[in-house]
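Residue-level structural notes
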Amino acid sequence: MADPVANTGSTATTPDGGVDNLIQVENLEVRFYTQVGVVRALNGVDFNIPRGQVLGVVGESGSGKSITGLSIMQLVPRPGRVEGGRILYKDKPDSKTINILDLGRQSDEMRAIRGDDIGMIFQEPMTSLNPVFKVGAQIQEAILLHQTPNKQEAWDRAVDILDKVGMPNARRVANSYPHELSGGMRQRAMIAMALSCSPNLLIADEPTTALDVTTEAQILSLMRDLQSEIGTSIMFITHNMGVVAQMCDEVAVMYLGRIVERATVDDIFYDPKHPYTISLLRSIPRLGQKRGQRLEVIKGGVPDPYSTVTGCPFHPRCPSFMPGLCDTVLPIEAFIEGKTNHTVRCHLYPGCTPDSDQAVTGVSGTIPTTSKAQ
Ligand code: SF4
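Let me sum up the structure you'll find in this document. No experiment lies behind these values; they were computed from the predicted model shown.

What counts, and where the lines are drawn
Residues numbered from 1 in each chain as written. Predicted model: local features only at pLDDT ≥ 70, side-chain atom pairs only at ≥ 80, totals over all residues. Heavy atoms only, no water. Helix = DSSP H or I, 4+ residues; strand = E, 2+ residues; numbered from the N terminus. Buried < 20%, exposed > 50% of the residue type's maximum accessible area, 1.4 Å probe, protein only. Areas by Shrake-Rupley, 256 points an atom, 1.4 Å probe, with all protein chains shown as cover. Contact = heavy atoms within 4.5 Å. Salt bridge = Lys/Arg side-chain N within 4 Å of Asp/Glu carboxyl O. Near = heavy atom within 4 Å. Nonpolar A, V, L, I, M, F, W, Y, C, P; charged D, E, K, R; others polar. Axes fitted to C-alpha atoms, helices over the stretch in contact; angles between N-to-C directions. Parallel < 35°, antiparallel > 145°, perpendicular 65-115°, else oblique. Left-handed = near helix turned anticlockwise from the far one by under 90°. Expected span 1.5 Å × (residues − 1). Pairing = 2+ DSSP bridges. Phe/Tyr/Trp six-rings, centres within 6.5 Å; stacked < 30°, edge-to-face > 60°.

**Quick word on the overall build of the chain**
When its secondary structure is counted, the chain shows 10 helices and 15 strands. With 374 residues in all, the chain has 51% of them scored as buried. On the chain, roughly 17200 Å² of surface is accessible, and the fraction owed to carbon and sulfur atoms is 51%.

**Quick notes on helix H10 (residues 275-282)**
Most of H10 sits inside the fold, with six of its eight residues counted as buried. Listed in full, the buried residues belonging to H10 are Pro275, Tyr276, Thr277, Ser279, Leu280 and Leu281. Summarising the contacts, the buried residues of H10 are in contact with strand E3 (54-58), helix H8 (241-247), strand E9 (250-255), strand E10 (258-264) and helix H9 (265-270).

**Side note on the pattern of salt bridges**
Summed over the entire model, instances satisfying the criterion amount to 11 salt bridges. For aspartate 267, the salt bridge identified is with lysine 339, shortest N-O distance 3.0 Å. Residue aspartate 267 is found in helix H9, and its partner lysine 339 is found in the loop between strand E12 (334-335) and strand E13 (343-344); the two are separated by 72 residues along the sequence. Of the charged contacts, one joins lysine 273 and aspartate 271 as a salt bridge, the two residues approaching to 3.1 Å between their closest N and O atoms.

**Observations regarding the site of the ligand**
All residues in the neighbourhood of the ligand are listed as His274, Pro275, Cys312, His315, Cys318, Ser320, Cys326, Cys346, His347 and Leu348. Looking at the shell around the ligand, its residues break down into six nonpolar, four polar and no charged.

**Structural notes on the packing of helix H6 (residues 183-195) against helix H7 (residues 213-230)**
As a packed pair, H6 and H7 sit with axes 11 Å apart at the nearest point and diverge in direction by 15°. With respect to H7, the element H6 is oriented roughly parallel. In the crossing of H6 with H7, the sense of the turn from one axis to the other is right-handed. On H7, the residues touching Gly184, Gln187, Arg188, Ile191 and Leu195 of H6 are Thr215, Gln218, Ile219, Met223 and Leu226. Classifying every residue of the contact of H6 with H7 gives five nonpolar, four polar and one charged.

**So, helix H3 (residues 135-146)**
Residues that lie three or four places apart on an α-helix share one face, since the helix turns once every 3.6 residues. Between its first and last C-alpha, H3 extends 17 Å over 12 residues, near the 16 Å set by a 1.5 Å rise per residue. Turning to H3, its buried residues are Val135, Gly136, Gln138, Ile139, Gln140, Ala142 and Ile143. Packing partners of the buried residues in H3 comprise helix H4 (151-164), helix H5 (170-174) and H6.

**What about the sheet that holds E9?**
The strand order E6-E7-E8-E3-E9-E10-E13-E12 describes an open sheet built from eight strands, whose pairing is mixed. A single partner strand is all that each edge strand has here, and the edge strands are strand E6 (118-121) and E12. Running at roughly 150° to strand E8 (residues 233-238), helix H1 (residues 65-72) makes contact with E3, E6, strand E7 (201-205), E8 and E9 of the sheet. H7 contacts E3, E6, E7 and E8 of the sheet and is inclined by roughly 155° relative to E8.

**A few points about the packing of aromatic side chains**
This model, assessed by the stated rule, comprises three aromatic pairs. Plain terms: the ring middles of tyrosine 255 and phenylalanine 314 are 5.2 Å apart, the flat faces sit at 80° to each other, and that makes the pair edge-to-face. Remark: phenylalanine 314 occurs in the loop between strand E11 (309-310) and E12 and tyrosine 255 occurs in strand E9; sequence separation between them is 59 residues. Relative to phenylalanine 314, the ring of tyrosine 276 lies with its centre 5.1 Å away and its plane at 65°, an arrangement referred to as edge-to-face. Here the residue tyrosine 276 occupies a position in helix H10, and phenylalanine 314 occupies one in the loop between E11 and E12, the gap between them amounting to 38 residues. Cluster of aromatic residues (ring-pair linked, three or more members): Tyr255, Tyr276 and Phe314.

**Some words on the packing of H3 against H6**
At a closest axis distance of 9 Å, the pairing of H3 and H6 adopts a crossing angle of 15°. When the interaxial angle is binned, H3 and H6 end up roughly parallel. Of the two elements, H3 crosses H6, and the hand of that crossing is right-handed. Contact with H3, carried on its side by Val135, Gln138 and Ile139, involves Ala189, Ala192 and Met193 of H6 and no other residues of that element. Here the residues of the contact of H3 with H6 are counted per class, giving five nonpolar, one polar and no charged.

Taken by themselves, the reported measurements are silent on function.
Next up, the structure:
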């Protein structure tokens, strides 16, 4: 695992000393209406990404990480629906803030934001690359659409960006079809396409999970270099805490559609608070671990998407479970004492248990319903 303190990005500020947020997500709610019930994929997600920063979003499968990224792009697949909240976006520090959710999914403004302002890369490169067009032509097309109408200029830029992402012989690669490239090269080609318009925000959804460790290390270092060169903010979605340590400035830990802890990468690794974060960290191998020593596993699994969990969504798996409280009352988010950038949602910490008159008997994660799909 890389040293978490290797990443020392500083938070961008506005002229009045406030945080210069590129993206601010408030109370985001996403539901999937299926024949067998309603899946509450996101239950009031709040976070911000300051300009030029890397936010890691971690959690097990089903925690809502990818849906959060897709919501920002307005690409939540049907039968999913964003049902509440705001996604505030400011392309420059002095420009007007817009709520992305006010734009039509297929509107010209939204199309301009996708690709030009916000790029997304996926675990599987063929999600983005078209198998029947040459790699260079696909990057050229993106540049023609968003940046310059000059074809030769767009082609030259495509070759240049392929070179920047470390492609050996970029001109030859530009003239190749995706199937002629190795997995690592296809991944670089997809990153090149996402970066071709110098986006303000890059949403990277498990971009290196399918790669061998050498290629993964090369691609992570490349993304970090490009990020500091171009100033792109990155939302890095992953279940790999080692990658988080290497890449991120701040980390949001998600569980069943909620952020349960948010802090700087140092605090997450050296002073984690939420029992789920602690369990996640104990389940990864560490330097100095004794030979043959078993890794800890988080007991149980993420609940079935159609099941009902009352109280804290993590209570069926939590080693610190407090009967009568954790299984009945949904903890609220509160700052850790003495910290202005470390929040947690757990009854073990002051401020997280609502007063009895505002207590929520939380239905967390998902709710079953007998109603027909809408
Ligand atoms: Fe565990 Fe209770 Fe905290 Fe939930 S609220 S994480 S069950 S201690």
